[in-house]
Amino acid sequence: MSIETWLEVGPGVFQRRYDPLDVSVGAVVGPHGVTIIDTRNNPVEAREIIRDANRRFGQPIVAAVNTHAHYDHTFGNQVFAQAGIPIYSHYLVPRHFEQYEKPHLQRIQAQPELEPDKSWAAVELTAPTALLDSTQRVQLGGREIELVPLEPGHTDTDLAVFIPDAGVWFLGDIVEESGPPMFGSGSYPLGWPPVLQGLLERIQETDAVVPGHGRVVDREFVAAQAAKFSGLAETLLLAHASGTRPEVIEYSQELRNYWPDEFLKSAAEDAYRQLTQS
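What counts and how
Residues numbered from 1 in each chain as written. Predicted model: local features only at pLDDT ≥ 70, side-chain atom pairs only at ≥ 80, totals over all residues. Heavy atoms only, no water. Helix = DSSP H or I, 4+ residues; strand = E, 2+ residues; numbered from the N terminus. Rg over C-alpha atoms; globule rule 2.2 N^0.38 Å. Buried < 20%, exposed > 50% of the residue type's maximum accessible area, 1.4 Å probe, protein only. Lys, Arg positive; Asp, Glu negative; His and termini not counted. Charge placed at Lys NZ, Arg CZ, Asp CG, Glu CD. 1 Å grid on protein atoms, 1.4 Å probe; cavity = no way out; pocket = protein on both sides within 12 Å on 5 of 7 lines; lining within 4 Å. Points joined across faces, edges and corners; volume = space filled by probe spheres on them. Nonpolar A, V, L, I, M, F, W, Y, C, P; charged D, E, K, R; others polar. Core = buried A, V, L, I, M, F, W, Y, C linked by side-chain atoms within 4.5 Å. Contact = heavy atoms within 4.5 Å. Phe/Tyr/Trp six-rings, centres within 6.5 Å; stacked < 30°, edge-to-face > 60°. Lys NZ or Arg CZ within 6 Å of the ring centre and 35° of its normal. Polar contact = N/O pair within 3.5 Å; in protein donor to acceptor, adjacent residues only side chain to side chain. Salt bridge = Lys/Arg side-chain N within 4 Å of Asp/Glu carboxyl O. Axes fitted to C-alpha atoms, helices over the stretch in contact; angles between N-to-C directions. Parallel < 35°, antiparallel > 145°, perpendicular 65-115°, else oblique. Left-handed = near helix turned anticlockwise from the far one by under 90°.

1. Remarks on the overall build of the chain
Consideration 1: Looking only at helices and strands, the chain features eight helices and twelve strands.
Consideration 2: For 278 residues, the compact-globule estimate of 2.2 N^0.38 gives 19 Å, and the C-alpha radius of gyration of the chain, at 18 Å, lies within 12% of that figure.
Consideration 3: C-alpha extents for the chain along the principal axes are approximately 60 × 50 × 35 Å.
Consideration 4: For the chain, the residues scored as buried account for 56% of the 278 residues in total.
Consideration 5: The positive charge centre, built from 21 side chains, and the negative charge centre, built from 38, are 4 Å apart in the chain.

2. Some remarks on the layout of surface pockets
Consideration 1: Each pocket or cavity is described by its volume, and for the largest pocket that value is around 360 Å³.
Consideration 2: Taken together, the elements giving at least two residues each to the lining of the largest pocket come down to helix H2 (71-74) and helix H4 (93-110).
Consideration 3: Top contributing element to the lining of the largest pocket by residue count: H4, with three residues.
Consideration 4: Grouping the amino acids of the lining of the largest pocket by side-chain chemistry returns six nonpolar, eight polar and four charged.

3. Let's talk about the nonpolar core
Consideration 1: Ranked by internal contacts, the top residues of the largest apolar core, which has 35 residues, are Leu171, Leu196, Leu199, Leu232 and Leu236.
Consideration 2: When residues of this core are traced back to their parent elements, those giving at least two are strand E10 (159-163), helix H5 (192-200), helix H6 (219-241) and helix H8 (261-277).
Consideration 3: Considering every element that reaches this core, the biggest residue donor is H6, with seven residues.
Consideration 4: The residues touching leucine 196, leaving out its near neighbours within four places in the chain, are Ile174, Val175, Val222, Gln225, Ala226 and Phe229.
Consideration 5: Of all hydrophobic cores here, the second largest spans 21 residues; its members include Val9, Val65, Val138 and Ile145.

4. Observations regarding the packing of aromatic side chains
In this description, a pair of aromatic rings is defined by centroid distance and the angle of the planes.
Consideration 1: Going through the model one piece at a time under the given rule, you end up with twelve aromatic pairs.
Consideration 2: Centre to centre, the rings of phenylalanine 229 and tryptophan 259 are 5.2 Å apart; their planes meet at 65°, and the pair counts as edge-to-face. Taken together, the positions of phenylalanine 229 in helix H6 and tryptophan 259 in the loop between helix H7 (253-258) and H8 put the pair 30 residues apart, joining distant regions of the chain. Each member of the pair phenylalanine 229 and tryptophan 259 is classed as buried.
Consideration 3: Each residue in the set Phe183, Trp192, Phe229, Tyr258 and Trp259 is aromatic and connected to the rest through ring pairs, giving one cluster.
Consideration 4: Just above the ring of tyrosine 258 sits the side chain of lysine 228; from NZ or CZ to the centre is 5.0 Å.

5. A closer look at the side chain of asparagine 77
Consideration 1: One can find asparagine 77 in helix H3 (residues 77-82).
Consideration 2: There is a polar contact of 3.0 Å between the side chain of asparagine 77 and the backbone oxygen of threonine 126.
Consideration 3: Setting aside residues no more than four positions away along its own chain, asparagine 77 makes contact with Thr39, Asn66, Ile87, Thr126, Ala127 and Pro128.

6. Some words on the environment of leucine 147
Consideration 1: For leucine 147, the location among the structural elements is in strand E9 (residues 143-149).
Consideration 2: Each C-alpha atom of the pair leucine 147 and glutamine 136 lies 5.4 Å from the other, and the pair is eleven residues apart in sequence.
Consideration 3: When neighbours within four sequence positions are excluded, leucine 147 is seen to be in contact with Val65, Tyr88, Leu132, Ser134, Thr135, Gln136, Val138, Leu159, Ala160 and Val161.

7. Concerning the pattern of salt bridges
Consideration 1: Summed over all chains, the structure comprises 20 salt bridges.
Consideration 2: When salt bridges that share partners are traced, they join Arg16, Arg40, Glu45, Glu48, Arg51 and Asp52 into one network.

8. Side note on the packing of H5 against H6
Consideration 1: Taken N-terminus to C-terminus, the directions of H5 and H6 make an angle of 155°; their axes are 8 Å apart at the nearest point. Considered as vectors, H5 and H6 are oriented roughly antiparallel to each other. Between H5 and H6 lies a crossing of left-handed hand. Together, Trp192, Pro193, Leu196, Gln197 and Leu200 of H5 and Arg219, Val222, Ala223, Gln225, Ala226, Phe229, Ser230 and Ala233 of H6 make up the contact between the two elements.
Consideration 2: Of the residues assigned to the contact of H5 with H6, the class counts are nine nonpolar, three polar and one charged.

9. Describing the environment of glycine 33
Consideration 1: Tracing the backbone shows glycine 33 in strand E4 (residues 33-37).
Consideration 2: In this structure glycine 33 comes out as buried when scored by relative accessible area, which is 0%.
Consideration 3: Along the backbone, glycine 33 and proline 60 are 27 residues apart, and their C-alpha atoms lie at a distance of 5.0 Å.
Consideration 4: If we skip the residues at most four places from it in the chain, glycine 33 touches Val28, Gln59, Pro60, Val62 and Gly141.

So this is what it looks like as structure tokens:
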């Protein structure tokens, strides 16, 4: 069930928000076909994307893109792959699948009662077919699309998607609007701020930014979210340097108002683990 129909966020570039999870799906429409951005949570949901896109645009789907490895953005991959549609992603997605998504999927398929909302019985974990380790501009469906592998932030598989002639960015969960950004499953809270700062050097005031979840935002929104991450990273670094245990870190009221306690706990665990390993 979708929250709304396809919203044109730039010339020939569309966002559709789907439940569950208010996840963003993108469509870049060119003279020769459509590129879909993110494939949702399972085969049924992926087929819903294809049906909706075919009805709205009347063009063949020529490619798909994963903005990162998490299940709600990739577990529909098998439907696109079975149709012979190439899937672009960050080159580390297969590794992330092995470390995080595959064990999670296998656990729930063996005991679906643990997370009955997932509907994963028919999911076959399907890696993308076009893996990128550097920025590339590709011609898909007659549109130029820039695919930008990012340094570790939300995950180590984040991929920014930029459509230059429309001034539209799809950033996956490196930016979220419908709720505070989440940690865990391989997040890098200390690396997240510089990733956002690097993006802000390129995002223009007139650009549209499509988050992984929620409504379209702008550069000002991204800058405000980046400031929150910078404050969090500073707190975590100071706490680690002083020997403070992650469970007793004192956060500012601003950070506590922005992130729930369980999110902050997860961020601290990820940051401490990475600082210990470095």
